[in-house]
2 protein chains.
Amino acid sequence: MSAGGPSLRRRAVLLGAAAAAVGGGTVTALAARDAEPEAGPSAAAPMGAEGIGFHGVHQPGIDTLPAQAHAVFLGLDLRPGTGPADVRRLMRLLSDDAARLMSGRPPLAAEDPELPALPSRLTVTFGFGPGLFDAVGRGGDCPAVVRELPTFPTDRLEPRWSGGDLLLQVCSDDPVPLSYAVRRLVRDARSVTSVRWMQRGFNPARGSEPAGTTPRNLFGQRDGTANPAAGSPELAEAVWVRDGPSWLVGGSMLVLRRIRMDLDTWDDFGRVGKEMAVARRLDTGAPVTGGGEFDEVDPLAVDGRGMPVVAASAHVARAKARTPAERMLRRGYSYDDGPTADGKPDAGQLFAAYQADAATAFVPVQARLAESDVMNLWVTHVGSAAFVIPAGCVEGEFVGQGLLGA
Amino acid sequence: MSAGGPSLRRRAVLLGAAAAAVGGGTVTALAARDAEPEAGPSAAAPMGAEGIGFHGVHQPGIDTLPAQAHAVFLGLDLRPGTGPADVRRLMRLLSDDAARLMSGRPPLAAEDPELPALPSRLTVTFGFGPGLFDAVGRGGDCPAVVRELPTFPTDRLEPRWSGGDLLLQVCSDDPVPLSYAVRRLVRDARSVTSVRWMQRGFNPARGSEPAGTTPRNLFGQRDGTANPAAGSPELAEAVWVRDGPSWLVGGSMLVLRRIRMDLDTWDDFGRVGKEMAVARRLDTGAPVTGGGEFDEVDPLAVDGRGMPVVAASAHVARAKARTPAERMLRRGYSYDDGPTADGKPDAGQLFAAYQADAATAFVPVQARLAESDVMNLWVTHVGSAAFVIPAGCVEGEFVGQGLLGA
C-alpha cells in the first residue's frame, strides 16, 4: 500500500481542516487529488471530499445547510436493564465514531479507510428520547413535550414509526459513506440497543439544480421556502436552546413526523386547485398573490371580482409562524418505500423540525394544521417521535456528557 | 403561469435534443436556465437537466455509462387472465411513458411538469420473463436459459427476490425524478400486473469522485474494473444479440442476482486477506501482482520465496472471462435495507449482468465461482431473475412490438 497515495493525502488535508473547525456544522471545502487546496467543489475537487466538523457548540446536521441529499433516521431502544454507565459508554463510543466518520476516517475498531474516505458532508446527530432519560435516572430532565407530544385529531400514528429512546440522524450527499456510517454506528450500539425503526429519506441529488435552489417534495412543491436563512440570527433564535443546563444550551428539540402522501389523488387533482391548496405556485414556489419565491403570501389579496385569492384554510395561511416562538427549521426528506404489491405508492415526507421548544413551535402550528388545512386531503401523519438534541461537544468529550456524567 | 419561464425553456431545449438523438443511450448535455447551450454540466448547467434518448437500436439503461447513481429494479407479474392484447397495450403505454419521462416530460395522462423536468439521465429498460412469453402464446420464443437458469450449489434463493414476468429497470442520478418515474410507470401497469418484488440500489453519488472513477461496492472494493469500456466494440460484442428475430437483434439478456454480503465478518477480516481474496488492492483496485487498476492480474507471479501471489481460488482468477463468449457488462448497484431489529446489516449487491447470451456468459462464470471462490465466505446469492431484453424501438413503436404484434 502506498502510504503517500492521493487518498491519504486527501485525508490528511481533511483532518487538518476538521481539527481547525471550531463550531459544529463548519463546512470544509477540501481539495482532492492534485487540485489546489483553495479550489471549491468542481470537476477537479469532487464533492465527496467535503467534510463537516463534529465538535462545536452545536451538534452538526441541523444548521448544516442545504440539507444533504440522503438521510437515515434511526430510532433505537435501550435494551432492558441498560443503566447509566452503559449509556455513558455508548455515547462516548458513538461520539468518537461520529467525529472520525465525519472527518473521513473509519471508527477506532475498524481498519479500512476507503469507504469513509469521502464523507460528502456526512453528519451524525444524536437525540435523547424519554426512555434514555429514565434509564439514567434523570427522568425529570426530559421536557414534558418530548415525553408526550399532544395528540392531534388527524393523527393516524403507527407504533412501528413512533417513539424511541435514542435517535441517530445520519446524513450525507452520498449513499455509500452513509451506508457505511450507519452500519458502523449501529454495530457499536447494538450490544445495548435494538433498532425500533429505520427511516430513509432523500432530497434532490446535489448538483441537480443550481446551489441554493429550494428542493421539491414528492407533491412537486418547493418545500422549505419559509425556513430561516442559513447562518441567520433568525435561524439561531428559532433552533437553539438558550436557557437551561450546560448540556442543553446550544442544543435543540427535534420533532420527526412520518407524513404519508396520497400521491394517486394528488396527481389527479387539477393544477389550479393544487396551487390554491398551498397558496404557492408549483413552478417557482412564489405566492399565488404575486412576487417571487421568498415573498410572503398576501392573505388580503382579492381577485377582479373582489373575492379573496387565498383561502383561510390554505396550507401557508395555517402553517406560517404567527409569533417568533413558533418558528422552526424544517429539514425534511422525501421517503419512498413503494410500490406496494398492488402497485400503490407508499411514499411521503419525513418531516424533521428543529426548534428551541417544541411546546411553543411544532405543537401550536400542528394544532392549527390539524384543525384546518386543505392539504389534509392528501397528507396523513403515520409516525411521530420527539427528541431532546443535546448541545455539541468539544474534542475529548461526548454528546450528553453533562447529563450522563463523564 | 409564465409560459416562457426557465423550466419550460429548459424543457424545450431538452425535447429538441432528445428528438435529434438517433441511438438509445445518447447522452444530451443540456443547458439549464440562462447558461449557454454549449455548456456541459457545471454549476451553471446543473446535472439534473441531462437527458438520455429513449428511441434507438438498443434500449437505454444498458450502455448508459457510467451507471446512474440510483436504480429501482421492479419484477412485475402479469395478473391471471392477461392475454396478448393486454400485454400489447401495456407495452405501448409504458414505452410512451418511458420516452416522455426520459425527455423530462410527464406521461400523457399526467399534468404537472415539475417532478419529471430534471431527469438526471433517467432511463427505463424493459425485460421479458418466461411468464410474459407464455401469456402471449409465444412460450417457444423464450430462451431456455431465461426460462430456467441452472441452479448453483451456493445458491440460497428466496422466492421473494426471484423470478418475474416483466422487468422494469429505472435509473437516474437523482432519486426524486426516479421516484416519480417509478410511481407513474407502476400506476400505468397495475391494472394488468402486480408487483412481485422491488429492489433499490445505489452507487456513489454523481460528482463524489472524478468522472470515470470505478465505483466502490460495500466491501470497499472498486467494482467493475474488468468491464468492457463504454462505447468499445468489446462492449457491443459482449452485450447485444446479433442473430435472431428483429425484436431481439440489438437486444440483450439480463441476469439479476441479489447477493447478500456478510459485512460484519468482512469488516473484521484482515486487510491483506481481503486483498488476496480478490487479488486486487482495496485502495486503487490495482492487481496485487502490480500495475495500475486496468492492468490484468498476473496469475503466474511469485513472491520472494517462489510462492504464487495469486491463489487459484482468488475471485478475479475465477471470475475473469476465459473466452469472448463469457464476457458481460456488469452494471451493479449496492443495496442496503438494514439494519435489522437486532442491529445486523441487511446489505449487498444487486448484480445486474448484461450479455448477448447468458448460457455462454453468466452461467459458466457463475458455475466456476460456485465451485470455488474465496469471496464465497462473504457472499450469498439470495435472489435470481433472468429476462430477455428486447431491442430498442423507433418513435411511434414500442418495445417488443415485433414479438407482441402492433
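Parameters at a glance
- Residues numbered from 1 in each chain as written.
- Chains lettered and ligands numbered in written order.
- Predicted model: local features only at pLDDT ≥ 70, side-chain atom pairs only at ≥ 80, totals over all residues.
- Heavy atoms only, no water.
- Helix = DSSP H or I, 4+ residues; strand = E, 2+ residues; numbered from the N terminus.
- Contact = heavy atoms within 4.5 Å.
- Areas by Shrake-Rupley, 256 points an atom, 1.4 Å probe, with all protein chains shown as cover.
- Phe/Tyr/Trp six-rings, centres within 6.5 Å; stacked < 30°, edge-to-face > 60°.
- Buried < 20%, exposed > 50% of the residue type's maximum accessible area, 1.4 Å probe, protein only.
- Lys NZ or Arg CZ within 6 Å of the ring centre and 35° of its normal.
- Expected span 1.5 Å × (residues − 1).
- Polar contact = N/O pair within 3.5 Å; in protein donor to acceptor, adjacent residues only side chain to side chain.
- pLDDT = per-residue confidence, 0-100.
- Salt bridge = Lys/Arg side-chain N within 4 Å of Asp/Glu carboxyl O.
- Nonpolar A, V, L, I, M, F, W, Y, C, P; charged D, E, K, R; others polar.
- UniProt positions renumbered as here; feature names shortened; annotations may be inferred.
- Pairing = 2+ DSSP bridges.
- Least-squares fit on C-alpha atoms with pLDDT ≥ 70 in both.
- Disulfide = S-S within 2.5 Å.

Q: Is there a simple way to explain the overall build of chain A in this structure?
A: When helices and strands are counted, chain A shows 11 helices and 11 strands. Here the contacts in chain A between residues at least 6 apart in sequence split such that 76% fall between residues at least 24 apart. Carbon and sulfur atoms make up 56% of the accessible area of chain A, which totals about 15100 Å².

Q: So what exactly am I meant to see when it comes to the packing of aromatic side chains here?
A: In this description, a pair of aromatic rings is defined by centroid distance and the angle of the planes. This structure, assessed with the given rule, holds 16 aromatic pairs over all chains. With centroids separated by 6.2 Å and ring planes inclined at 45°, the aromatic side chains of Phe351(B) and Phe362(B) adopt a geometry described as tilted. Residue Phe351(B) is found in strand E10 (residues 347–355), and its partner Phe362(B) is found in helix H10 (residues 362–371); the two are separated by 11 residues along the sequence. By relative accessible area, which is 2% here, Phe362(B) ends up buried. An aromatic cluster of three or more residues is present, and its members are Phe219(A), Trp266(A), Phe269(A) and Trp378(A). Stacked on the ring of Tyr335(A), the Lys or Arg Arg258(A) has its end atom at 3.8 Å from the ring centre. Geometry around Trp161(B) places Arg258(B) over its ring, the cationic atom sitting 3.6 Å from the centre.

Q: Would you mind showing me how to read helix H5 (residues 175–189) of chain B here?
A: One turn of the α-helix equals 3.6 residues, which is why residues spaced by three or four share an orientation. All names here are of chain B. If you check H5, its first and last C-alpha atoms are 21 Å apart, about what 15 residues at 1.5 Å a residue would give, namely 21 Å. The buried fraction of H5 is high, at 13 of 15 residues. The residue sitting at the N-terminus of H5 and contributing the capping side-chain oxygen is Asp174; that oxygen lies 2.9 Å from the backbone nitrogen of Val176.

Q: Just checking my understanding: could you explain the confidence of the model for chain A for this structure?
A: Parts of the prediction with low pLDDT should not have their coordinates interpreted in detail. Residue and element names in this part refer to chain A. For chain A, the average pLDDT comes to 90, and 89% of its residues sit at 70 or higher. Within chain A, helix H1 (residues 6–20) has the poorest average pLDDT of any element, 37, and strand E4 (residues 123–128) the best, 99. Low pLDDT, under 50, characterises residues 1–26; the predicted model gives this stretch 54 contacts beyond four residues in sequence or across chains. Taken together, the stretch residues 29–43 has pLDDT below 50 and engages in 31 contacts with residues farther than four places along the chain or on a different chain. With pTM at 0.91, the complex prediction returns an ipTM value of 0.91.

Q: So what exactly am I meant to see when it comes to the interface of chain B and chain A here?
A: Many analyses report the size of an interface as the accessible area lost when the parts associate. Listed per partner, the contact involves 69 residues of chain B and 68 residues of chain A. The salt bridge partner of Asp264(A) is Arg187(B), with a shortest N-O separation of 3.7 Å. Counting across the chain B and chain A interface gives 39 residue pairs in polar contact (both at pLDDT 80 or more). When residues of the side of chain B that touches chain A are traced back to their parent elements, those giving at least two are strand E3 (70–78), H5, strand E6 (193–202), helix H7 (263–268) and helix H8 (271–278) of chain B. The element contributing the most residues to the side of chain B that touches chain A is H5(B), with eight residues. Tallied by class, residues from the side of chain B that touches chain A come to 26 nonpolar, 15 polar and 28 charged.

Q: Looking at this structure, I do not really get the UniProt feature "domain: Dyp-type peroxidase C-terminal" (unreviewed entry) in chain A. What am I missing?
A: Annotation from UniProt places "domain: Dyp-type peroxidase C-terminal" (unreviewed entry) at residues 214–393 of chain A. Each end of residues 214–393 of chain A is marked by a C-alpha atom, and these two atoms are 30 Å apart; helix forms 20% of the span and strand 20%.

Q: Looking at this model, I keep getting lost on the pairing of strand E5 (residues 166–172) of chain B. Mind explaining?
A: Every regular strand shows the same layout, with side chains that alternate between the two sheet faces. Residues and elements named next belong to chain B. Across the seven residues of E5, seven count as buried, placing the element largely inside the fold. Here E5 shows two buried faces, one formed by Leu166, Leu168, Val170 and Ser172 and the other by Leu167, Gln169 and Cys171. In this structure, E3 lies alongside E5, joined through seven bridges in antiparallel fashion. When the sheet's bridge partners are listed, Leu74 is paired in E5 with Leu168. Pairing of strand E4 (residues 123–128) with E5, which is carried by six bridges, proceeds in the antiparallel orientation.

Q: What am I meant to see in unusual backbone geometry here?
A: Trans peptide bonds make up the majority, and among non-glycine residues the majority have a negative phi. Across the junction of Gly338(A) and Pro339(A), the peptide omega takes the value 0°, indicating a cis bond. Along the chain, the position of Pro339(A) falls in the loop between strand E9 (333–336) and strand E10 (347–355). The phi dihedral of Ser120(B) is positive, around 50°, even though this residue is not glycine. Judged by relative accessible area, Ser120(B) falls into the buried class, the value being 1%.

Q: When you look at the relation of the copies chain B and chain A in this model, what are you seeing that I'm missing?
A: Relating one copy of the chain to the other takes a rotation about an axis and a shift parallel to that axis. Placing chain B over chain A gives an RMSD of 0.0 Å and needs a rotation angle of 180°, together with 0.0 Å of translation along the axis. Within this description, the copies of the chain are treated as partners about a two-fold rotation axis. Of all interface residues in chain B, 99% are interface residues in chain A too; the two copies therefore contact each other through one and the same surface.

Q: I'm lost on the UniProt feature "domain: Dyp-type peroxidase N-terminal" (unreviewed entry) in chain A in this one. Help?
A: Per the UniProt entry, the sites bearing "domain: Dyp-type peroxidase N-terminal" (unreviewed entry) are residues 59–203 of chain A in this numbering. Taken end to end, residues 59–203 of chain A comprises 30% helix and 22% strand; its first and last C-alpha atoms sit 21 Å apart.

Q: I tried to follow the environment of Pro228(A) on my own but got confused; where do I start?
A: All names here are of chain A. Position of Pro228 among the secondary structure elements: in the loop between strand E6 (193–202) and helix H6 (233–239). The exposure class assigned to Pro228 is buried, which follows from its relative accessible area of 6%. Distance from Pro228 to Val136, taken between C-alpha atoms, is 35 Å for residues 92 residues apart in sequence. The residues contacting Pro228, other than those within four sequence positions of it, are Glu234, Leu235, Arg327, Met328 and Leu329.

Q: Please clarify how helix H2 (residues 84–102) of chain B should be interpreted in this entry.
A: Residue and element names in this part refer to chain B. Here H2 is 19 residues long and its end C-alpha atoms lie 27 Å apart, about the 27 Å a rise of 1.5 Å per residue gives. Residues Val87, Leu90, Met91, Leu94, Ser95, Asp97, Ala98, Ala99, Arg100, Leu101 and Met102 constitute the buried set of H2. A positive phi of about 90° marks Gly104, the residue just after H2.

Q: Is there a simple way to think about the pattern of salt bridges in this case?
A: Opposite charge on two side chains lets them pair, provided their charged atoms get close. Counted by the stated rule, this structure contains 54 salt bridges over all chains. Here Arg330(A) makes a salt bridge to Asp223(A), at a shortest N to O gap of 3.3 Å. Highlighted residues: Arg330(A) in strand E8 (residues 329–330) and Asp223(A) in the loop between E6 and H6, separated in sequence by 107 residues. The class for Arg330(A) is partly exposed, based on a relative accessible area of 26%. Between Arg187(B) and Asp268(A) there is a salt bridge, with the nearest N and O atoms lying 2.5 Å from each other. Within this pair, whereas Arg187(B) is found in helix H5, its partner Asp268(A) is found in helix H7 (residues 263–268), the two belonging to separate chains. One continuous salt-bridge network, built from bridges that share partners, spans Glu50(A), Arg121(A), Asp173(A) and Arg206(A).

Q: Is there a simple way to explain the state of the cysteines in this structure?
A: Here is the idea: a disulfide is a covalent bond, and it sits between the sulfur atoms of two cysteines. Residue and element names in this part refer to chain B. According to the stated counting rule, one finds zero disulfides over all chains in the structure shown. Looking at the unpaired Cys393, the closest cysteine sulfur is the one in Cys171, lying at 17 Å. The class for Cys393 is buried, based on a relative accessible area of 4%.

Q: What's the story with the pairing of strand E11 (residues 379–389) of chain A in this structure? I'm lost.
A: Residue and element names in this part refer to chain A. Burial analysis of E11 places 10 of its 11 residues in the buried class, the great majority of the element. Strand direction decides the pairing type here: strand E7 (residues 252–261) and E11, joined by 10 bridges, are antiparallel. Among the inter-strand pairings, Leu256 is bridged to a residue of E11, identified as Ala385.

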